[in-house]
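Coordinate inspection notes
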Amino acid sequence: MKRGHRTVLATAVAATLAGGLTVGLTGPATAAGSGVTAGSGVAAAKRSLTDFNGDGYGDFAVTAPAARLNGKWRVGAVTVLYGSAQGVSADRRTTITQDASWVPGAAENGDLFGAATTAGDFDHDGYTDLAVGTPLEDVGTDVNGGLVQIMWGSAKGLTSATTVPDPAPAAHDRFGASLAAGDFDGDGRTDLAVGTDGSALHTFRKGISRSGKAGALGTRALPLRSAPEAGIINLTAGDVTGDGRADLMVNGLNPTKGADGTYYDVNYFVPGTATGPSATSAKKMPGGVAGAIGDLDGDGRGDIVTGVHWGRNTANGPIGGKVVVTYGSASGPSHRVQTITQESGTVPGDSENRDKFGQSVALGDIDGDGLLDLAIGAPRENMRLWGHMYYNLGTVTVLYGSKAGVDTSAAPQYFYPGDHDVPGRPEGNFGTAVLLTDLDHDGGADLIAGTPWADNGDGTVTVLPSGIAADGRRRIGTTGAQRIKPGQVGMEILYAIPQFGSVLQNSRQVSLINANT
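Residues numbered from 1 in each chain as written. Predicted model: local features only at pLDDT ≥ 70, side-chain atom pairs only at ≥ 80, totals over all residues. Heavy atoms only, no water.

Per the counting criterion, the structure on display carries 16 salt bridges. Aspartate 455 serves as the salt-bridge partner of arginine 425, at 2.9 Å between the closest nitrogen and oxygen. On the criterion of sequence distance, the pair formed by arginine 425 in the loop between strand S29 (413-415) and strand S30 (433-437) and aspartate 455 in the loop between strand S31 (446-451) and strand S32 (460-464) is long-range, its members being 30 residues apart. Of the residues examined, arginine 425 reaches a relative accessible area of 47% and is grouped as partly exposed. The residue aspartate 455 makes a salt bridge to arginine 483 at a minimum N-O spacing of 3.6 Å. Here the residue aspartate 455 occupies a position in the loop between S31 and S32, and arginine 483 occupies one in strand S35 (residues 482-484), the gap between them amounting to 28 residues. As far as burial versus exposure is concerned, aspartate 455 and arginine 483 are alike and both buried. Where salt bridges share partners, they join Arg425, Glu427, Asp455, Arg483 and Lys485 into one cluster. (Salt bridge = Lys/Arg side-chain N within 4 Å of Asp/Glu carboxyl O. Helix = DSSP H or I, 4+ residues; strand = E, 2+ residues; numbered from the N terminus. Buried < 20%, exposed > 50% of the residue type's maximum accessible area, 1.4 Å probe, protein only.)

Listed below in structure tokens is the structure:
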């Protein structure tokens, strides 16, 4: 529960407020496409635009990993929402399932299509493509072998797809459990990194053709636990060293138990090289599942943002969650580390057990100053409103980048559904997933937040645009805010719990989807 949350929020919002089925794509694009490549030296300060139809406006993909389809359960569905001068609309979208005529294969019970997604221009044609993981896909007689497919961008959006062959199907299951895109070898083409339930990282480099064949393949074993709910849990790409090659943060579990019998979470920093992710170098880093890499302080090197939703603000403090920022250097992760909790600076609220502050993180340039800003989700935050306690309401905190790093004191912003013109009821784990991207081409990233348990598990996505505030700065606001529901984009909601909004171009563990948490 938040201490003085009304006063803090009222101040922040008052300043802000002063300032398968393709629908709505009827003509060719008006501008060249803009691919997504994580890591390009000084350009890492700016987030490349996800633009599936090449019209110059940002687009994004949202998953309902447990969506039903034609009587089949938990098949999964992905919706792409296309940006415009007016932002996004449920009327301008492509909703994709494995039963779409242009997607190879067929939807089956429990596949979880879209449990992982990542965007990048994999065929180097100027349009962003979308890689989609289906970790519980049965491939022939290989139960839960997993599947990765690329949905190809075009002037009409995503309209064709290719399956990327698993290079080692006998060595693992859940191929596509995690995904990341970036130029790992610095050749100017976007590469794809794929995780499984094993400890080996698979990379597809030097372009991926429309037949699904990559120019080069790579495999890198890491000291991680191999098991159905382990393996490579999450992948985050970005240029930490500023050398023009994307590096990787690889998340999983230690292969041996701790003294208390627990397999603890761990990350490895794997630098990019001329031959892709290094086959020999990997730096062990503290654990934390959620991740983002980008330049927060304007030095031309990507900084590593790690969400540790089980973290404590002090040694004996509540398990409310924290975010750790490890600043980049020419040699990789530096010793300059910043820890952010709900007790930092003027960040609203208090750290409380099970808030899960840091379960999701995202970077984008909201105010157009060339420095990336940070959105942090706390989907289990409880709050007392109007004399009633709302459990697992969820909140999103927005903090701004500065030359000194993340600023936790200068007017942080704080959002939750159901108050101060943020649409929706106060429920549903708001902030389970977050994304920052410029949807209307106005020079500032907009905030997208997933609330997968809104409307009894139907889920929603909330879009909060950036705009000019009373102080003249561009900030996230609520003017033009939208709340998009799965029924509006052609998904089944009767007798279904699709969890729309669980994934926003990132990965979500199978256990979390199937456990309904």
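Here the focus is the sheet that holds S32. In spatial order, the strands read S30-S31-S32-S35; together these four strands make up an open sheet with antiparallel pairing. Strands with a single pairing partner mark the edges of an open sheet, and in this sheet they are S30 and S35. Averaged over all neighbouring strand pairs, the angle between strand axes comes to 20°, with direction disregarded. (Pairing = 2+ DSSP bridges. Axes fitted to C-alpha atoms, helices over the stretch in contact; angles between N-to-C directions.)

When you line up the elements, valine 337 lands in strand S22 (residues 332-340). Note: C-alpha distance between valine 337 and aspartate 191 (146 residues apart in sequence) is 29 Å. Residues in contact with valine 337, not counting those within four places in the same chain, are Val324, Val325 and Thr326. (Contact = heavy atoms within 4.5 Å.)

Counting residues in each nonpolar core, the largest one holds 19 residues, and the members touching the most others are Phe60, Ile448 and Phe500. With three residues, strand S2 (residues 60-64) is the largest single contributor of residues to this core. Sequence-distant contacts of isoleucine 448, defined by excluding residues within four places in its chain, comprise Phe60, Ala433, Val434, Leu435, Thr437, Leu439, Val461, Thr462, Val463 and Leu504. With 18 residues, the next largest nonpolar core counts Ala292, Leu296, Tyr327 and Ile376 among its residues. (Core = buried A, V, L, I, M, F, W, Y, C linked by side-chain atoms within 4.5 Å.)

A word on the domain arrangement of the protein. You can read the domains of the protein as domain 1 (48-281 + 502-516) and domain 2 (295-486). Placing the centre of domain 1 and that of domain 2 at their C-alpha centroids yields a distance of 23 Å. Every contact between the two is made by 29 residues of domain 1 and, on the other side, 31 residues of domain 2. Here domain 1 meets domain 2 over a buried area of about 2200 Å², counting both sides, of which 67% is carbon and sulfur. Of all residues in domain 1, Phe60, Val240 and Leu504 give up the largest surface area on contact with domain 2, accounting jointly for 26% of the area buried on that side. Linking domain 1 to domain 2 there are six residue pairs in polar contact (both at pLDDT 80 or more). In terms of residues, the side of domain 1 that touches domain 2 owes the most to one element, strand S15 (residues 265-270), which gives three residues. (Domains from an automatic or database assignment. Buried area = accessible area lost by both parts, 1.4 Å probe. Polar contact = N/O pair within 3.5 Å; in protein donor to acceptor, adjacent residues only side chain to side chain.)

Across a sheet, strands are paired by hydrogen bonds formed along the backbone, either parallel or antiparallel in direction. Taken together, four strands build an open sheet; the order of strands is S5-S6-S7-S8 and the sheet is antiparallel. Sheet topology places strand S5 (116-120) and strand S8 (160-164) at the edges, where each strand pairs with a single neighbour. Put simply, the sheet's adjacent strands are angled 25° from each other on average, direction ignored. Where S5 meets strand S6 (residues 129-134), five bridges bridge the pair, whose relative direction is antiparallel. Note that in S6 the partner of threonine 117 across the bridge is valine 132.

The next subject is unusual backbone geometry. Even without glycine at this site, asparagine 70 takes up a positive phi of about 50°. With respect to the helices and strands, the residue asparagine 70 is situated in the loop between S2 and strand S3 (77-81). The backbone of arginine 74 sits at a positive phi, close to 50°, despite the residue not being glycine. Topologically, arginine 74 is positioned in the loop between S2 and S3. Judged by relative accessible area, arginine 74 falls into the buried class, the value being 18%.

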